[in-house]
Amino acid sequence: MAIGISRPQSRTSTPEDDVARRLLESSAQLSYDPLTEVDWETPLDENFHGASPEWSTLYGTAYWNELTDAQRKALTRQEAASVANTGIWFEMILQQMVLRDIYAKDPTDDTFQWALTEIADECRHSIMFARGAKKLGAPAYRPHRVAVELGRLFKTTAFGEAAYAAILVAEEVLDVMQRDWMRDERVVPFVRTINNIHVVEESRHMKFARDETRKHLARAGRVRRQIHSLLIAVAAYVIVTSMVNKKVYANAGLDEERAVREAKANEHHKSMMRSSCSGLMDFLASVGLLTRPALFFYKRAHLI
């Protein structure tokens, strides 16, 4: 039975309250427990990919054409695990930024309670990704030390639209690729389940991030908008370039040096990234965050 969210109103309802209330109701009706929804017990079947092969960083290259089917599957499993580990890293940043944003605010507000609900979702997602990466037979892939320290600085200093738009960037990029993976019968079933859970629950987070970005930008002056547009773009560049750790190639039994070289020049993968971000770029342009300096970093990350 669907559970409705209702509570006494102590003040006039705002559009932000209405959005948060709808998100709380959606969460009550459609949320998952990965500990019971995902098949953690069945041993890994190495006859499956870890992600849709078209999303592999080597797909379409000369090296990919030389790989055996087993090598391709091993590579996509390592790449999927790397993406999951990057997701954990950014979800930890996200949780801290949201907590800081709602600190000392009215806990009876629907917006406050939705923010805590989102944090709870992200905690479950991080555990789910961690268990999924382990089951894929991958090590703990971590972003480069510079990216880790930049993330530490960003989560401590970013506020308002800079925080929520950066959250949106990370979630939108993952969302498009995971929608492909969850429908692809070539992908190992437990990973498809993980992706389905993440897509369903992150759709609410993206709605909230878009609304919060618009709300904060309504109070932002020209200088702040220019600074934050650049900060968001740099964050996007760091996130996207950290998704696939170069160690995935050696761990899949490939020549790491050659794989890194061909992945960097892979026009197919760059095209996949650009197409996946078209909606995101349209949104950033509509709210005035696609400035000329920001475009430099989005182009470097092959998001536009």
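Above this note sits the structure.
Summary of the structure given here. Just so it is clear, the model here is predicted, and its values are computed rather than measured.

Across its full length, the chain carries 14 helices and 0 strands. Order of helices (α) and strands (β) in the chain, N terminus to C terminus: α-α-α-α-α-α-α-α-α-α-α-α-α-α. Computed over the C-alpha atoms, the radius of gyration of the chain is 20 Å, within 12% of the 19 Å expected from 2.2 N^0.38 for a compact globule of 304 residues. For the chain, the C-alpha atoms occupy an extent of roughly 65 × 50 × 30 Å along the three principal directions. Taken over 304 residues, the chain has a buried fraction of 53%. Taking all contacts inside the chain whose residues are at least 6 apart in sequence as the whole, residues at least 24 apart take part in 83%. On the chain, roughly 14200 Å² of surface is accessible, and the fraction owed to carbon and sulfur atoms is 56%. Within the chain, one finds 40 positive and 40 negative side-chain charges whose respective centroids are separated by 6 Å.

Right, let's get into the packing of aromatic side chains. Enumeration over the complete set of coordinates arrives at 6 aromatic pairs. Relative to Phe 208, the ring of Tyr 164 has its centre 5.8 Å away and its plane inclined at 85°; by these criteria the two rings are edge-to-face. Taken together, the residues span a long stretch of sequence, with Tyr 164 in helix 7 (residues 160-183) and Phe 208 in helix 8 (residues 189-217) at a distance of 44 residues. The exposure class of Tyr 164 is buried, given its relative accessible area of 3%. The exposure class of Phe 208 is buried, given its relative accessible area of 4%. Members of the aromatic cluster, each reached through a chain of ring pairs, are Trp 114, Tyr 164 and Phe 208.

Another point: the side chain of Asp 101. Here Asp 101 shows up in helix 4 (residues 69-102). If we ignore the near neighbours within four places in the chain, the residues touching Asp 101 are Tyr 164, Glu 212 and His 216.

Turning our attention to helix 7. With 24 residues, helix 7 ought to run about 34 Å at 1.5 Å a step, and its terminal C-alpha atoms sit 35 Å apart, in line with that. In terms of residue burial, helix 7 counts as a mostly covered element, since 20 of its 24 residues are buried.

Turning to the packing of helix 4 against helix 7, a few remarks are in order. Where helix 4 meets helix 7, the axes come as close as 10 Å, and the angle between the chain directions of the two elements is 150°. Taken together, the axis directions place helix 4 and helix 7 in an arrangement best described as roughly antiparallel. Helix-helix and strand crossings are classified by hand; for helix 4 and helix 7 the assignment is left-handed. In this structure, helix 4 contributes Ala 80, Val 83, Phe 90, Leu 94, Met 97, Val 98 and Asp 101 to the contact, and helix 7 contributes Ala 163, Tyr 164, Ala 166, Ile 167, Ala 170, Glu 171, Leu 174, Met 177 and Trp 181. Residues belonging to the contact of helix 4 with helix 7 are distributed by class as follows: 14 nonpolar, no polar and 2 charged.

Attention shifts here to the side chain of Thr 57. With respect to the helices and strands, Thr 57 occurs in the loop between helix 2 (34-37) and helix 3 (62-66). At 2.7 Å, the side chain of Thr 57 forms a polar contact with the side chain of Tyr 249. In contact with Thr 57, other than residues within four places in its own chain, are Glu 79, Val 244, Tyr 249, Ala 263, Asn 266 and His 269.

Rules behind the numbers
Residues numbered from 1 in each chain as written. Predicted model: local features only at pLDDT ≥ 70, side-chain atom pairs only at ≥ 80, totals over all residues. Heavy atoms only, no water. Helix = DSSP H or I, 4+ residues; strand = E, 2+ residues; numbered from the N terminus. Rg over C-alpha atoms; globule rule 2.2 N^0.38 Å. Buried < 20%, exposed > 50% of the residue type's maximum accessible area, 1.4 Å probe, protein only. Contact = heavy atoms within 4.5 Å. Areas by Shrake-Rupley, 256 points an atom, 1.4 Å probe, with all protein chains shown as cover. Lys, Arg positive; Asp, Glu negative; His and termini not counted. Charge placed at Lys NZ, Arg CZ, Asp CG, Glu CD. Phe/Tyr/Trp six-rings, centres within 6.5 Å; stacked < 30°, edge-to-face > 60°. Expected span 1.5 Å × (residues − 1). Axes fitted to C-alpha atoms, helices over the stretch in contact; angles between N-to-C directions. Parallel < 35°, antiparallel > 145°, perpendicular 65-115°, else oblique. Left-handed = near helix turned anticlockwise from the far one by under 90°. Nonpolar A, V, L, I, M, F, W, Y, C, P; charged D, E, K, R; others polar. Polar contact = N/O pair within 3.5 Å; in protein donor to acceptor, adjacent residues only side chain to side chain.

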